[in-house]
Amino acid sequence: MKDHGHRPSRGLLVLLLLACFTVITLDVRGGSHSPVAPLRAAAGTVFGPVEDAAATAVRPFRAVPQFFRTTGGLRAEVARLRAQNDALRGRLATSTYARNQAAELDGLLHTSRDTGYALVPARVIAMGAAQSFTRTVTIDAGTSSGVYPDMTVLNNDGLVGRVVRANRTTATVLLIVDQESVVGGRLGSSMELGFLRGRGETGTAGRLDLQLVDRSVIPQRGDVVVSWGSNDDRPYVAGIPIGRVESVRSSPRELSTRAVIAPFVDFSSLDLVGVVVNPDTHSDRPLIKAGRIASAGGAPTASTAGGDR
Amino acid sequence: MAATRGMVLALTVLLAVVLQVSVFGYLTVAGVAPNLALLVVVAVALVRGPDLAAVVGFLAGLAVDLAPPADHVAGRWALALVIVGYLAGRVRPDARTSAFAALLTVAACSFVGTSVYALGGMLLHDPDLSAVDALRVIGVSVGYDVLLTPFVLPLLMRVFRRLDPQQAAY
């Protein structure tokens, strides 16, 4: 590449811009069969292990920024206890739903009892930044561990997201707070169904919008929302706690009531997560099996996920 | 020599992209991580001019577009960083006069780059975001990039200058 000083080459710029537009067009037009997909897979194979190594190298220093922001060890202790408290509260919150579900669906649950969710444990190794406007993370488990697209990802607090792409050693997870993410949800108290949409924000301000299918139902403040579950458990399995109703907005102009949901999961500090897989998946790492407490359907997943911490 | 130059450039870009998602993924301000790839492109532009910077911008942008956990339409960051490389290269004679001018260049480039990326998203509905949200994120990212510039840009420029003293000397 020769430097032309003050007279840059227009042709080169035009060529590069055209290349960009070509890539964009190919990716947009291609949809799910995009010709860019193999390129992405290749990039994942190259970048995945490097990201993994970088994340492993900095993991011991992850607490450093928090250390600066707070006044040392005491605050860390408070945070730890608060996390523990949240976990316990989350477990308590699902009990209403579990009781309801146990009463209503006991017959159906008999069949699902022996299939209790099995989890592949994984760690978050990379996070997408807000300026990309998509909320995704990379986890260090891929197809070699039995992780494939459209699988549910959760942690000890609740639902995290779903796998959108998997390479051999890494997988990309779309968080439920992403603007493109839609999750079927169910109110724990009334068993009403609705759809949860992300707002694209993580951190403490991250919220989800719940729109109920039945317009006449008004959710209660503090009500717990759990996942509704998809056909064949893909992409979302049923009964995973998602969040709590924080406020309810209903205007005559909008045809339905909208509720704002505060998610249980803190998306800005994701670390250990579990991917729900088939219990007899071949995986290169040990699975966490939930068969032990499968009697209440959805609730055990939260507590088993708690066990993977 | 050309091979070494290419290797060092490629390694720098790779390092920037990886650090951006893994290390700085945890050091975010309101979810925004510093755009290290953009800083690399600006550094190349200031040392070597718009042509090489546009090429490096294209490749770095493509890396950001394709490396996990990216999930947006590929080519959007590539487009943004080609434009950034070209613009930064055009203002090079002015940007090299003082440290403040360099900071201003980074701020302008960060604004243009993130805006081009966001506008592309609005046009493609990927995702369907509002101008207010976009502007807030763009503001934070310009601030973060400028904050990081004094620590990163001189280092990068020194590396690129050493790669090719003749070209950079004028």
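Okay, so let's go over this structure. (Residues numbered from 1 in each chain as written. Chains lettered and ligands numbered in written order. Predicted model: local features only at pLDDT ≥ 70, side-chain atom pairs only at ≥ 80, totals over all residues.)

## Notes on the overall build of chain B
Right, on to step 1. Of the regular secondary structure elements, chain B holds 8 helices and 0 strands.
Right, on to step 2. When its helices and strands are written in sequence order, chain B yields α-α-α-α-α-α-α-α.
Right, on to step 3. Relative to the compact-globule value of 15 Å for 170 residues, chain B shows a C-alpha radius of gyration of 15 Å, a close match.
Right, on to step 4. For chain B, the spread of C-alpha atoms along the principal axes amounts to about 45 × 30 × 30 Å.
Right, on to step 5. A buried classification covers 56% of the 170 residues belonging to chain B.
Right, on to step 6. Taking the contacts inside chain B whose residues are at least 6 apart along the sequence as the reference set, 72% of them involve residues at least 24 apart. (Helix = DSSP H or I, 4+ residues; strand = E, 2+ residues; numbered from the N terminus. Rg over C-alpha atoms; globule rule 2.2 N^0.38 Å. Buried ≥ 20, exposed ≤ 12 C-beta atoms within 10 Å, placed from the backbone. Contact = placed C-beta atoms within 7 Å.)

## Structural notes on the sheet that holds strand S8 (residues 208-212) of chain A
Right, on to step 1. A barrel is described by the order of its strands in space; here 6 strands give the closed sequence S6-S7-S8-S11-S10-S9 (chain A), paired in antiparallel fashion. Taking each pair of neighbouring strands and ignoring which way they run, the sheet shows an average axis angle of 40°. (Pairing = 2+ DSSP bridges. Axes fitted to C-alpha atoms, helices over the stretch in contact; angles between N-to-C directions.)

## Focus on the interface of chain B and chain A
Right, on to step 1. Counting residues at the interface gives 52 residues for chain B and 53 residues for chain A.
Right, on to step 2. Listed by contribution, the elements that provide at least two residues to the side of chain B that touches chain A are helix H1 (2-22), helix H3 (50-66), helix H4 (76-90), helix H6 (99-124) and helix H7 (131-163) of chain B.
Right, on to step 3. Tallied by class, residues from the side of chain B that touches chain A come to 31 nonpolar, 14 polar and 7 charged. (Nonpolar A, V, L, I, M, F, W, Y, C, P; charged D, E, K, R; others polar.)

## Let's talk about unusual backbone geometry
Right, on to step 1. In the segment running from Pro 68 of chain B into Pro 69 of chain B, the intervening peptide bond is cis, with an omega of 10°.
Right, on to step 2. Mapped onto the fold, Pro 69 of chain B is located in the loop between H3 and H4.
Right, on to step 3. The phi dihedral of Met 191 of chain A falls on the positive side, at around 60°, and the residue is not glycine.
Right, on to step 4. Within the element layout of this structure, Met 191 of chain A appears in the loop between strand S6 (182-187) and strand S7 (193-198).
Right, on to step 5. In this structure Met 191 of chain A comes out as partly exposed when scored by C-beta crowding, with 14 C-beta atoms within 10 Å.

## Regarding the environment of Tyr 86 of chain B
Right, on to step 1. The topology assignment puts Tyr 86 of chain B in helix H4.
Right, on to step 2. On the neighbour-count criterion, Tyr 86 of chain B (23 C-beta atoms within 10 Å) is buried.
Right, on to step 3. Distance in space between the C-alpha atoms of Tyr 86 of chain B and Val 73 of chain B is 22 Å, their sequence separation being 13 residues.
Right, on to step 4. Look past the residues within four positions of Tyr 86 of chain B in its chain and what remains in contact with it is Pro 8 and Leu 13 of chain A together with Pro 50, Ala 53 and Ala 54 of chain B.

## Some remarks on the nonpolar core
Right, on to step 1. Counting residues in hydrophobic clusters, the biggest one holds 126 residues, and the most contacted among them are Val 275 of chain A together with Ala 37, Val 40, Val 41, Val 42 and Leu 81 of chain B.
Right, on to step 2. At 12 residues, the largest contribution of residues to this core is made by helix H2 (residues 36-48) of chain B.
Right, on to step 3. Residues within four places of Val 40 of chain B in sequence aside, it is in contact with Thr 12, Val 13, Ala 16, Ala 60 and Leu 156 of chain B. (Core = buried A, V, L, I, M, F, W, Y, C linked by C-beta atoms within 7 Å.)

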